[in-house]
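# Architecture at a glance
Read off the chains here:
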Amino acid sequence: MMQAELTTMSVAEAAESRRSIRKFTDEPIPDADLTELLRLVGRAPSAWNIQPWRFVVVRDDAVKARLRDAAYGQAQVTSAPAVIVLYSDMRDALATIDEAIHPDVQGEQREAQKQGVHRAFVARTDAEREAWGVQQGGIALGYLMLLARNFGLDTSPMLGFDAARVKEILEIPSTTSIVAMVPIGYAAEEGFRSHRHSIDRTTRFI
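A brief structural summary. (Residues numbered from 1 in each chain as written. Predicted model: local features only at pLDDT ≥ 70, side-chain atom pairs only at ≥ 80, totals over all residues. Heavy atoms only, no water.)

Here we come to the environment of Thr 203. In this structure, Thr 203 sits in the segment after α10 (199–202). On the accessibility criterion, Thr 203 (32% relative accessible area) is partly exposed. Looking at Thr 203, its side chain comes within polar contact range of the side chain of Thr 202, at 3.2 Å. (Helix = DSSP H or I, 4+ residues; strand = E, 2+ residues; numbered from the N terminus. Buried < 20%, exposed > 50% of the residue type's maximum accessible area, 1.4 Å probe, protein only. Polar contact = N/O pair within 3.5 Å; in protein donor to acceptor, adjacent residues only side chain to side chain.)

This is the structure in structure tokens:
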């Protein structure tokens, strides 16, 4: 598969130009772009390299219509050519932790790493594990939105939806936690000019 061609946009330029877009053109996103985008999103840092994030890329119009209903009618769900549902699945991540450990780590050291991860989570409830997984997924979400700009794409991160219905529609295990729904595509509007607090308002240097 030919790799998608990235723009020369810097991370700073991506951050400065990112806006939440709710109206998209009907131009489809090439499969190669979506595949490469999510490969790069997977480079996001993750404690113990657990990588609990999982993605469902929804392009089917009928499924998007059901997701829009689960998102209380928000129009960007069906306006976008694709919706990426990002969720955390700690149960799967811990069950397959051997896949996450670096292949150069072998023998007793490999077994020690696996046991170390399991010890870190054995006393936690399922809800506590998923809360941790959602925090990790938030890092991937940030990567997703910034990297999308490098493909000429815009996004609209959403938290307003009935998570149980979204899981049912997409056949996502009930034990997981949805981090966000992200309509993605080519903007058909400029979006609101960005307005943020000053550094003086949000930061202390000690």
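Anyway, onward from the coordinates.
Picture the strands of a sheet paired through backbone hydrogen bonds; they go either parallel or antiparallel. Across the sheet, which stays open at both edges, the four strands sit in the order β1-β2-β4-β3 with antiparallel pairing between neighbours. Every interior strand has two partners, whereas the edge strands, β1 (53–58) and β3 (154–155), have only one. Across two bridges, β3 lies against strand β4 (residues 177–185) in antiparallel orientation. If you follow Thr 155 over to β4, its bridge partner there is Ile 184. Set on the sheet, helix α3 (residues 61–70) makes contact with β1, β2 (82–88) and β4; between it and β1 the angle comes to about 115 degrees. Docked against the sheet, helix α8 (residues 126–150) engages β1, β2, β3 and β4, running at close to 10 degrees with respect to β4. (Pairing = 2+ DSSP bridges. Contact = heavy atoms within 4.5 Å. Axes fitted to C-alpha atoms, helices over the stretch in contact; angles between N-to-C directions.)

When you line up the elements, Lys 167 lands in helix α9 (residues 163–170). Glu 130 provides the closest opposite charge to the buried, salt-bridge-free Lys 167, at an N-O distance of 7.5 Å. In contact with Lys 167, not counting residues within four places along its chain, are Ile 172, Pro 173, Ser 174, Thr 176, Ser 177 and Ile 178. (Lys, Arg positive; Asp, Glu negative; His and termini not counted. Salt bridge = Lys/Arg side-chain N within 4 Å of Asp/Glu carboxyl O.)

So yeah, pure geometry; function would need other evidence.
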